[in-house]
Amino acid sequence: MRVRIRFFAGVREQVGVSERQIDVPAGTTVAEAAAAIPELADTQSGLAYAVNCEYVPPEHALAEGDEVALIPPVSGGICQLTDEPIDLAALVAAVADERAGAIATFTGTTRVESRGRTVLHLEYEAYPGMAEQELDRIAAALHSTHDLCGVAITHRVGRVEIGETSVAIAVSAPHRADAFTACREAIDTLKQTVPLWKKEVYEGGEEWIGRGS
């Protein structure tokens, strides 16, 4: 059967092309297909795999006509949770690159009013390990779809006071369009997929708000 392999960043440079079609036996896994690329036979460590735009484990079995993306480790940036105030300048520094012509940033701050109530503070809870993994996945996906230099994402956990930053994102790219677009996609995806929950503590009560808020 025939599958299409796409390459990105350093892997693309190593192979010398952005994509290649190869023939593999039925039942071939995505990792086996990657190993069938001669230029990558000994350098698969750290690769992530996606099939038809969905992340898959190395043992995922391929089907005729599948599109496989070999995604190298994200270079530049940090993705993390913290219970300390977020330093946006540190995120900007983490994605600084001499190739970058633009660095776009986003900061989400705690507002005093929400749904007609006066908020006293927020409390964030995350599923540790899975949350960081999902942040890394978001960064890798952005690198695979845009021409970027670096991605940094930090989200607060614990208590966050009014006016403080709850999430910050920095994206560097050779061109501003990629930086702006990727930064917006990062926060929109984070809100939907990262296992984080927010409790609004307000005058007269409190309420847990699910993902996407």
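Residues numbered from 1 in each chain as written. Predicted model: local features only at pLDDT ≥ 70, side-chain atom pairs only at ≥ 80, totals over all residues. Heavy atoms only, no water.

Notes on helix H5 (residues 176-193)
Argument step 1. Here H5 is 18 residues long and its end C-alpha atoms lie 26 Å apart, about the 26 Å a rise of 1.5 Å per residue gives.
Argument step 2. The elements touched by buried residues of H5 are strand S7 (102-109), helix H4 (130-145), strand S10 (150-156), strand S12 (165-173) and strand S13 (196-202). (Helix = DSSP H or I, 4+ residues; strand = E, 2+ residues; numbered from the N terminus. Expected span 1.5 Å × (residues − 1). Contact = heavy atoms within 4.5 Å.)

Remarks on the environment of Ala126
Argument step 1. Inspection of the secondary structure assignment puts Ala126 in strand S9 (residues 117-126).
Argument step 2. Taking the C-alpha atoms as reference, Ala126 lies 8.9 Å from Lys198; in sequence the two are 72 residues apart.
Argument step 3. What Ala126 contacts, discounting residues up to four positions off in sequence, is Leu81, Ala131, Val157, Pro195, Leu196 and Trp197.

So, the confidence of the model for the protein chain
Argument step 1. When pLDDT is averaged across the protein chain, the result is 89; 92% of the residues are at 70 or more.
Argument step 2. Per-element confidence in the protein chain is highest for S7, whose mean pLDDT is 98, and lowest for helix H1 (residues 9-15), whose mean pLDDT is 76. (pLDDT = per-residue confidence, 0-100.)

Focus: the sheet that holds S12
Argument step 1. Pairing is mixed in the open sheet, where four strands are placed in the order S6-S10-S12-S7. With one partner strand each, in any of the chains shown, strand S6 (79-82) and S7 form the two edges of the open sheet. Going across the sheet, the axis of each strand differs from the next one's by a mean of 10°, ignoring polarity.
Argument step 2. Of the pairings in the sheet, the one linking S7 to S12 comprises eight bridges and is antiparallel in character. (Pairing = 2+ DSSP bridges. Axes fitted to C-alpha atoms, helices over the stretch in contact; angles between N-to-C directions.)

What to know about the nonpolar core
Argument step 1. With 26 residues, the main nonpolar core has Ile153 and Leu190 as its most contacted residues.
Argument step 2. Looking at this core, the elements that each hand over two or more residues are S6, S7, H4, S10, S12 and H5.
Argument step 3. Looking at this core element by element, the count peaks at six residues for H5.
Argument step 4. Ignoring anything within four residues of it in the chain, the contact list for Ile153 reads Ile78, Cys79, Gln80, Leu91, Leu135, Ile138, Ala168, Ile169 and Leu190.
Argument step 5. Counting residues in each nonpolar core, the second largest holds 19 residues, with Val15, Val24, Val30 and Val51 among its members. (Core = buried A, V, L, I, M, F, W, Y, C linked by side-chain atoms within 4.5 Å. Buried < 20%, exposed > 50% of the residue type's maximum accessible area, 1.4 Å probe, protein only.)

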